[in-house]
Structure formats: C-alpha cells, structure tokens
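# Understanding the architecture of this molecule
The residues making up each chain are set out below.
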Amino acid sequence: MSEVLVVVDHVDGAIRKPTLELLAIAKRLGEPAAVFFGGSDKAGEVAERLKAFGAEKIYVIDDAEIKGYLVAPKAEALQQLVEKSSPAAVLFVSGYEGKEVAARLAIKIESGLITDAVDVKEGPVTTQSVFAGNYTVMAKVTKGTPIITVKPNSTAPVEESGAGVVEEFAATISDAAKRAQIVAQQPRKASGRPDLTEAAIVVSGGRGTGGNFGPIEGLADALGAAVGASRAAVDSGWMPHTFQVGQTGKTVSPQLYVANGISGAIQHRAGMQTSKTIVAVNKDDEAPIFELVDFGVVGDLHTVLPAATEQINERKN
C-alpha cells in the first residue's frame, strides 16, 4: 500500500486539529505518513500524538534551515521527499501557507493540484464547493502525484493507533529557496477561543447587533466556539477584519454555524454555507438567511442569545 503524505500543521509542536482530520482522510487512500517540519526535541512528543491518530510513519525534517524563510524551502524539501517515497498523494491543510507550499510543490514535481476540497474519497476523488458555494463539483488529478489541500472540519479525526515509525529526512535547501527571509513577526494575542477557520462551532454577528457583540461572545464562550462577523459589522468598525466571514473574508465550514442579526447576503453565504448545521436568529422573518438554515429563530438576538447562553451554562454546571 502506497504512502499518503500528510504535511503537519502545528505551532511549536502542538498539532492542530485539521492535521488529525487529514490523517483520517489519508487512511482512505493508503498508508498515512506524516511530515513534520520542526526540531528534533519535539519529534518524540509529536510522533506519539500522530501515532495515536493513525500515522504509520512520521518523517521529521529539521527546520533549522527552513524556519527563518518563507514557503520556498518547505516546497523544496517536500519535492525531495516525494521523489524518494513516491506517495499516492500529498495532503495539506487549506490555509495561506498550506496552499502556497502545495502550489509550489505541484509545479516542482509537475503534478496536478486541487485546493479547498471539502471531502476526499478513494481515487483520490475530491469534492469542492465552488462559485460562492452555489455548486458542488467532483474532481480528480490526472497527472503526476495528486496534491490536495483540504478545508478544516471536512471530516472527524479518528483515534486509531498506527505504527508511528519515526524517520529523519535530511533535505538539501538551495540558496535560491532562501531569497525571502522572515525578519520580524508580530504574534497575535491569545483570545482563549479556537481559530475561526478551524473551529467546530462558529457564532457570528452582523448589522443586527448594533455594535454590541457581548451576546455573541457570551454564547460563543458557552459553546466553546469561535466568534465571526459579517462584512457589515466589520465595515462599521465593530469587529476587526480578521473576524470577517464571507467572500472577502474567511471561509469556514464548522459543524455548527450560528448567524445572529445577519441578513444572509450572497457575500456572507459564500463564506459559511458549507457548514454542517446552520442556525439563524433574526428579527426579520423574511431575511434571506432563513432560506439557507436548518433551524431559524425569529426574534431579537439581544433577548434570545442571553437566554440561550444561560440555559447552556446551567446544563454544563
């Protein structure tokens, strides 16, 4: 059975949930083999985590020569690994870096690339949501090794122990790949909430909040959810652009999406309509968002959300 490479998305060795989802997808296609860019001091802990979710092998690539530069060195290292291991496919988390490295790798090994898949079946055959979510298409790479980026929350991680064999891979990075150097970084302040694009639950607010996101944040914290916002809320200056969900913001695909005071314009739909379950709270019973939802509440979010939050917190206690 051929290996399926899963490029590990992590922060200082802490594995992000979308990587564990990719291991579950890799199991459908072949033998899951994770690729970890990081220091050898983190390798043991990382390997145990990946092994618990089905990784049969973990390739460790020392990032000493890589971490000070942008994406080109990673693509070059992966090219060498692909040429050595001849995998059935290479899977990335759909994010800014993941898609950039995937595209560069596809060019280097002259293979086809599919981005933003929401499902991957044997073949591999991918499912994508395209044209602002109005159509669903199935696609397959017809040349070379399939390179696929998969959106977070496309499947559930599966705890299934693998062999977890650790193998160090020494890549040779050229000077040409080191042209773009990282000279400074501005770390984000931790909010205590999950990342918007990775969260299993997202609670968003729009124009109907009137700028008061207190009820939105209260419900989000009760549910362990991320907070999102519509373009109208961002344009009004109520929330930063990093919270925007929509065609010109972030695309999310959580298990549960709760839209509050959001009319449901096509721009917003494009960023959230692949969510598994959608709930809306809006005073206007003719709001377009109600055409899309699984459950709708006609009411004032400033009344509905605090009541829901109270009930959730009581059940948790």
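Whatever comes next refers back to the structure up there.
One structure accompanies this document, and this report is about it. (Residues numbered from 1 in each chain as written. Predicted model: local features only at pLDDT ≥ 70, side-chain atom pairs only at ≥ 80, totals over all residues. Heavy atoms only, no water.)

### Quick notes on helix α8 (residues 301-316)
Helical periodicity: at 3.6 residues per turn, an α-helix aligns residues three or four positions apart in one direction. To keep things clear, this is the line we draw: By definition, any uninterrupted DSSP run of H or I lasting at least four residues is a helix, any uninterrupted run of E lasting at least two residues is a strand, and each is numbered from the N terminus. By this rule the span expected of a helix is its residue count minus one, scaled by 1.5 Å. Two residues qualify as a contact provided that any one of their heavy atoms is within 4.5 Å of a heavy atom in the partner residue. Identification of polar contacts relies on pairs of N or O atoms within 3.5 Å, with a donor-acceptor requirement for protein atoms, meaning one able to donate a hydrogen and the other able to accept it, and with residues adjacent in sequence counted only if both atoms are side-chain atoms.
Here α8 spans 22 Å end to end across 16 residues, near enough to the 22 Å set by a 1.5 Å rise per residue. Buried residues along α8 sit against α5 (214-223), β14 (256-260) and β15 (277-282). Regarding α8, its N-cap is D300, as a side-chain oxygen of that residue lies 2.9 Å from the backbone nitrogen of H302 further along.

### As for the pairing of strand β6 (residues 89-93)
Our working definition: Each residue gets one of three labels from its accessible area relative to the maximum for its type: buried under 20%, exposed over 50%, partly exposed in between, using a 1.4 Å probe on protein chains only. Paired strands, in this sense, are two strands between which DSSP finds at least two bridges.
Summarising burial for β6: five of the five residues are buried, a large majority. Of the strand pairs in this sheet, strand β1 (residues 3-7) and β6 are connected by three bridges, and their pairing is parallel. Among the inter-strand pairings, V4 is bridged to a residue of β6, identified as A89.

### Some points on the sheet that holds β14
We apply this condition: A fitted line through C-alpha atoms serves as each axis, taken over the contacting stretch for helices, and the angle formed by two N-to-C directions is quoted from 0 to 180°.
Strands sit in the order β13-β12-β14-β15-β16 across an open sheet of five strands; the sheet is parallel. This sheet does not close on itself; its edge strands, each paired only once, are β13 (226-229) and β16 (295-298). Between one strand and the next, the sheet's axes are offset by a mean angle of 15°, whatever the strand orientation. The strands that α5 touches are β12 (201-205), β13 and β14; relative to β12, the one it contacts most, it runs at about 175°. α8 contacts β14, β15 and β16 of the sheet and is inclined by roughly 130° relative to β15.

### With respect to the sheet that holds strand β5 (residues 57-61)
Here nine strands make up an open sheet; going across it, the order is β9-β8-β7-β10-β6-β1-β4-β5-β11 and the pairing mixed. The sheet terminates laterally at β9 (135-139) and β11 (165-168), the two strands that pair on one side only. In this sheet, adjacent strand axes meet at a mean angle of 35° when their direction is disregarded. Here three bridges tie strand β7 (residues 113-121) to strand β10 (residues 147-150), and the two strands are oriented parallel to one another. Along β10, the bridge assignment pairs L113 with I147.

So yeah, pure geometry; function would need other evidence.
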